[in-house]
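Chains, contacts and geometry: an overview
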Amino acid sequence: MSNALKVLAECVDARTGRRFKAGETFAPAPTIDQAKRLIAGGCLGEAALKSAVEPEVSAKLISASAKADTADIERLRKSVDDARQAAEKEIEAITAGVARARTDAEKQLDEIINGVAAARALAEADKAEIAAELADTRKKADADIAAIAADVEKAREAAKKTTEKKD
């Protein structure tokens, strides 16, 4: 039957308004009158007349085809709805994961900031302690230099007296 209803030239099914291109199968089968017109127009071959149906049968075929199309459309709608719901669930899961990751990252950042602040505070305390020790060491060194300078001066005076006595 499908070879008999192979479209030879572009045509339109007057019952449904569907346009057929050359090479497609004319379905559902045309009525007898329609088949005669399509054969005369060069759209279908002579064998199409054998596949043609009575108008009542044609109406039933079109109705069955429309029901099949409606069922297909409903299946497709359900499939699209299911896919949309799955995508929405996945988006929600990803969004929740991103929120958790953001919260974790913020906690880690806070820990790092607190650690840096603590290290800075320790470094500042160590710096202050080292500065105080350095100041004390300078004072002691200055005092030692002054004491040594005083001892050197005393030694010079003693050497000068000793040299004066020998002369």
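Owing to the predicted nature of the structure, the values given are computational and were not obtained by experimental measurement.

**Re the overall build of the protein chain**
Within the protein chain one finds three helices and two strands. For the protein chain, the sequential pattern of α-helices and β-strands runs β-β-α-α-α. Looking at the protein chain residue by residue over its 167 residues, the buried ones come to 14%. Contacts spanning at least 24 positions in sequence make up 33% of the contacts within the protein chain whose residues lie at least 6 apart. Summed over its atoms, the accessible surface of the protein chain is roughly 12900 Å², and 58% of this surface lies on carbon and sulfur atoms.

**What about the nonpolar core?**
Judged by nonpolar contacts, Leu5, Val7, Cys11, Phe20, Phe26, Ala29, Leu38, Ile39, Cys43, Leu44, Ala48 and Val53 together constitute the single largest core of 12 residues. Among residues more than four places away in sequence, those in contact with Ala48 are Ala4, Leu5, Ala35 and Ile39.

**Describing the side chain of Thr31**
Position of Thr31 among the secondary structure elements: in the loop between strand 2 (19-20) and helix 1 (32-40). Within polar-contact distance, the side chain of Thr31 engages the backbone nitrogen of Gln34 at 3.1 Å.

**Some words on the environment of Pro28**
Along the chain, Pro28 turns up in the loop between strand 2 and helix 1. Look at Pro28 and you get buried, because its relative accessible area is 14%. C-alpha of Pro28 to C-alpha of Asp13: the two residues are 15 residues apart in sequence and 9.2 Å apart in space.

**Considerations on the confidence of the model for the protein chain**
Summing up the model confidence of the protein chain, the mean pLDDT is 85 and the portion of residues at 70 or higher is 88%. Considering each helix and strand of the protein chain separately, the mean pLDDT is smallest for helix 3 (residues 55-166), with a value of 83, and largest for strand 2, with 95.

**A look at the environment of Thr162**
Residue position: Thr162 is located in helix 3. Overall, Thr162 belongs to the partly exposed group, its relative accessible area being 43%. Within polar-contact distance, the side chain of Thr162 engages the backbone oxygen of Ala158 at 2.7 Å.

**Details of the pattern of salt bridges**
Working definition: two side chains of opposite charge can pair if their charged atoms are close together. Taken as a whole and assessed by the stated rule, the structure comprises three salt bridges. For Glu10, the salt bridge identified is with Arg19, shortest N-O distance 2.9 Å. Among the residues examined, Glu10 registers a relative accessible area of 45% and is labelled partly exposed.

**A few points about the state of the cysteines**
Scanning the model with the defined rule gives zero disulfides in all. Left unpaired, Cys11 is separated from the closest cysteine sulfur, that of Cys43, by 4.4 Å. Judged by relative accessible area, Cys11 falls into the buried class, the value being 5%.

**Describing helix 1**
Gln34, Ala35, Leu38 and Ile39 are the residues of helix 1 that are buried. The arc that holds every buried residue of helix 1, seen down its axis, measures 135°, which confines them to one face. In helix 1, the exposed positions angled more than 90 degrees off the buried face are occupied by Arg37 and Ala40. The inward-facing, buried residues of helix 1 abut strand 1 (11-12) and helix 2 (48-51). Phi turns positive, to about 80°, at Gly42, one or two residues after helix 1.

Conventions and cut-offs
- Residues numbered from 1 in each chain as written.
- Predicted model: local features only at pLDDT ≥ 70, side-chain atom pairs only at ≥ 80, totals over all residues.
- Heavy atoms only, no water.
- Helix = DSSP H or I, 4+ residues; strand = E, 2+ residues; numbered from the N terminus.
- Buried < 20%, exposed > 50% of the residue type's maximum accessible area, 1.4 Å probe, protein only.
- Contact = heavy atoms within 4.5 Å.
- Areas by Shrake-Rupley, 256 points an atom, 1.4 Å probe, with all protein chains shown as cover.
- Core = buried A, V, L, I, M, F, W, Y, C linked by side-chain atoms within 4.5 Å.
- Polar contact = N/O pair within 3.5 Å; in protein donor to acceptor, adjacent residues only side chain to side chain.
- pLDDT = per-residue confidence, 0-100.
- Salt bridge = Lys/Arg side-chain N within 4 Å of Asp/Glu carboxyl O.
- Disulfide = S-S within 2.5 Å.
- Arc of directions from axis to C-beta.

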